[in-house]
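Listed below, chain by chain, are the residues.
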Amino acid sequence: MNKKTVLFVCTQNSARSQMAEGLLRHYYGDRYEVYSAGTKPFRVNPYAIRAMQNAGIDISLHQSKSMDKFLHKEIDLVITVCDNARENCPYFAGGKKIMHHSFTDPAAAQGSEEEILAEFERVRDEIKVWIDSSIARGLI
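Everything numeric here is computed off the predicted structure, so don't read it as measured data.

(A) The arrangement of the overall build of the protein chain in detail. Looking only at helices and strands, the protein chain features 4 helices and 4 strands. Secondary structure elements of the protein chain, listed N to C terminal, follow the sequence β-α-β-α-β-α-β-α. At 14 Å, the protein chain has a C-alpha radius of gyration in line with the 14 Å of a compact globule built from 140 residues. Here the C-alpha coordinates of the protein chain stretch approximately 45 × 30 × 25 Å along the principal axes. Burial statistics for the protein chain: of 140 residues in total, 49% are counted as buried. When the accessible surface of the protein chain is summed, it comes to about 7100 Å², and 47% of that surface belongs to carbon and sulfur atoms. In the protein chain, 18 side chains carry a positive charge and 18 a negative one; their mean positions are 6 Å apart.

In structure tokens form, the structure reads like this:
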């Protein structure tokens, strides 16, 4: 069976796109080849790693990647997960379909360590619900 390729894109490829990649790979990796990238990659946010570990998913070895790495790769579905990435996402010659769903940036959270982690977990859970719903409706 050929797996459908999915690329999640956000600005820094540090939180939302990394969590989305980890979630889709963990729960649906038998059907999808999953990647993530950023318009201005930085590093994977430690809170994203912790939030995913708390859900039993290890993304500690993930690295932030530039979209340039994927510009000439054939991708079945490119999903932008923040408005900035949507506005700055280049044309993907090999991208068959482009989708957008903006999620709150958990990296903007303020407060105690526990409050910041809780925001990352909230966004993680929101991404999971969206992925499950999108798959159920045949969008992904």
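Resuming the write-up.
(B) Helix 1 (residues 16-28), seen in detail. Compared with the 18 Å implied by 1.5 Å per residue over 13 residues, the 17 Å span of helix 1 between its first and last C-alpha is a close match. Burial within helix 1 is extensive, with 10 of its 13 residues counted as buried. Burial in helix 1 covers these residues: R16, S17, Q18, M19, A20, E21, G22, L23, L24 and Y28. Here the buried face of helix 1 lies against strand 1 (4-10), strand 2 (32-38), helix 2 (46-53) and helix 4 (113-136).

(C) Spatial organisation of the confidence of the model for the protein chain. Taken over all residues, the pLDDT of the protein chain has a mean of 90, while the share at 70 or more is 90%. Predicted confidence in the protein chain is weakest over helix 3 (residues 83-88), with a mean pLDDT of 59, and strongest over helix 2, with 98.

(D) Expanded view of the nonpolar core. Membership of the largest hydrophobic core comes to 33 residues, with the highest contact counts inside it found for F8, L24, I79, I131 and I140. Mapped onto this core, the elements with two or more residues apiece are strand 1, helix 1, strand 2, helix 2, strand 3 (77-80) and helix 4. When residues in this core are grouped by element, the largest group, 8 residues, is from helix 4. Every residue in contact with I79, bar those within four places of it in the chain, is listed here: V6, L7, F8, V9, M99, W130 and I140. Counting residues in each nonpolar core, the second largest holds 8 residues, with V9, F70, I75 and V78 among its members.

(E) How the structure looks around the packing of aromatic side chains. Scanning all chains against the criterion turns up 3 aromatic pairs. Both rings, one in F103 and one in W130, keep their centres 5.9 Å apart while their planes meet at 80 degrees; by these two values the pair is edge-to-face. In this pair, F103 is assigned in the loop between strand 4 (98-100) and helix 4 and W130 in helix 4, connecting sequence segments 27 residues apart. W130 carries the same exposure label as F103, and that label is buried. Its end group placed over the ring of Y27, K128 keeps NZ or CZ at 4.2 Å from the ring centre.

Criteria and cut-off values
Residues numbered from 1 in each chain as written. Predicted model: local features only at pLDDT ≥ 70, side-chain atom pairs only at ≥ 80, totals over all residues. Heavy atoms only, no water. Helix = DSSP H or I, 4+ residues; strand = E, 2+ residues; numbered from the N terminus. Rg over C-alpha atoms; globule rule 2.2 N^0.38 Å. Buried < 20%, exposed > 50% of the residue type's maximum accessible area, 1.4 Å probe, protein only. Areas by Shrake-Rupley, 256 points an atom, 1.4 Å probe, with all protein chains shown as cover. Lys, Arg positive; Asp, Glu negative; His and termini not counted. Charge placed at Lys NZ, Arg CZ, Asp CG, Glu CD. Expected span 1.5 Å × (residues − 1). Contact = heavy atoms within 4.5 Å. pLDDT = per-residue confidence, 0-100. Core = buried A, V, L, I, M, F, W, Y, C linked by side-chain atoms within 4.5 Å. Phe/Tyr/Trp six-rings, centres within 6.5 Å; stacked < 30°, edge-to-face > 60°. Lys NZ or Arg CZ within 6 Å of the ring centre and 35° of its normal.

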